Amino acid sequence: MATESTHDSTTHIESHPDLMALRGRYAEASAKPVAGVIEGLCLLTGLYLAISPWVVGFNSGTILGFGQFEALRVSNLITGIALAALAMGFGSVLERTHGLGWVAVVIGAWTIVAPWVVAGDAAVTKTITNNAIVGGVACLLGLATMAMGMGMSQRMMKRRSH
């Protein structure tokens, strides 16, 4: 009996008019060209971040047979894949992932400071410049994604009050 009432309340919540309207608004927002551009740029930024060590050539110097930038290569690869996966989430289910825009901002901030944190004194101009530009772009795209979600939430709250 308890299972039936739980199922009934879940069904009732899923079909609630406010929830259905909110989902419709997020679907509408994610269908706009601006949303597609932001999501696409975020995906491309993540993919570039993942391959940037090989594109830019993070390969100067060795210590005990290991490249000084090996850890930075791994950092960029992992954070780039994470950013690309996040962007795919933005593109497919914005109504559930817009709240994760802050993660793209954190990834961007990490990307900016990673040459000093990971490579230390070995950081050179090309690694710093690459990561600063890509990190800045990731931060901006994360903020844009958050703004899209907040804009939708604010519009929904305004419509409720009228």
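Basis of the calculations
- Residues numbered from 1 in each chain as written.
- Predicted model: local features only at pLDDT ≥ 70, side-chain atom pairs only at ≥ 80, totals over all residues.
- Heavy atoms only, no water.
- Helix = DSSP H or I, 4+ residues; strand = E, 2+ residues; numbered from the N terminus.
- Contact = heavy atoms within 4.5 Å.
- Areas by Shrake-Rupley, 256 points an atom, 1.4 Å probe, with all protein chains shown as cover.
- Core = buried A, V, L, I, M, F, W, Y, C linked by side-chain atoms within 4.5 Å.
- Buried < 20%, exposed > 50% of the residue type's maximum accessible area, 1.4 Å probe, protein only.
- Salt bridge = Lys/Arg side-chain N within 4 Å of Asp/Glu carboxyl O.
- Expected span 1.5 Å × (residues − 1).
- Bend = angle between axes of the 7 residues up to and from the residue.
- Patch = residues over 30% accessible without salt bridge, like charges linked within 9 Å, V, L, I, M, F, W, Y side chains within 5 Å.
- Polar contact = N/O pair within 3.5 Å; in protein donor to acceptor, adjacent residues only side chain to side chain.

(A) Representation of the overall build of the protein chain. Secondary structure assignment for the protein chain yields 7 helices and 2 strands. Ordered by position in the sequence, the α and β elements of the protein chain form the string α-α-α-β-β-α-α-α-α. Long-range pairs, those at least 24 residues apart, make up 74% of the contacts in the protein chain between residues at least 6 apart in sequence. Carbon and sulfur atoms form 70% of the exposed surface of the protein chain, whose accessible area is close to 9300 Å².

(B) Representation of the nonpolar core in the model. In this structure, Cys42 and Leu83 are the most contacted members of the largest nonpolar core, which totals 14 residues. Breaking this core down by element, the ones donating at least two residues are helix H3 (33–57), helix H4 (70–92), helix H6 (101–119) and helix H7 (125–161). Residues in contact with Cys42, not counting those within four places in the same chain, are Leu83, Ala87, Phe90 and Leu141.

(C) Summary view of the pattern of salt bridges. A complete count under the given rule lists 1 salt bridge for this structure. Of the charged contacts in the structure, one is a salt bridge between Glu70 and Arg73, with a shortest N-O distance of 2.5 Å. Within this pair, Glu70 and its partner Arg73 are both found in helix H4, separated by 3 residues, close to a single helical turn. Overall, the relative accessible area of 14% leaves Arg73 in the buried class.

(D) A look at H6. Across its 19 residues, H6 extends 27 Å between first and last C-alpha, which sits within 8% of the 27 Å expected from 1.5 Å per residue. Along H6, the helix axis deviates most sharply at Val113, where the bend reaches about 55°; the proline Pro115 sits within four residues downstream. Looking at H6, one finds that the buried residues are Gly101, Ala104, Ile107, Gly108, Thr111, Ala114, Pro115 and Ala119. Where H6 terminates, the next one or two residues include Gly120, which has phi positive at roughly 60°.

(E) Looking closely at a nonpolar patch on the surface. A cluster of nonpolar side chains, contributed by Ile51, Trp54, Val55, Val74, Leu77, Ile78 and Ile81, occupies part of the molecular surface with about 670 Å² of accessible area. Of all the elements in the fold, those that place two or more residues in the nonpolar patch are H3 and H4. With 4 residues, the top contributor of residues to the nonpolar patch is H4. By the element assignment, Ile81 lies in helix H4.

(F) Just the environment of Asn59, in detail. Assignment of secondary structure puts Asn59 in the loop between H3 and strand S1 (62–63). Once residues within four sequence positions are removed from consideration, Asn59 is found in contact with Phe69, Arg73 and Lys126.

(G) Summary view of the side chain of Ser52. When you line up the elements, Ser52 lands in helix H3. Residue classification places Ser52 among the buried positions, given a relative accessible area of 0%. Ignoring anything within four residues of it in the chain, the contact list for Ser52 reads Gly57, Phe58, Asn76 and Asn130.

(H) Quick peek at the environment of Ser52. Between the alpha carbons of Ser52 and Asn130 there is a distance of 7.7 Å; along the sequence they are 78 residues apart. There is a polar contact of 3.3 Å between the side chain of Ser52 and the side chain of Asn76.

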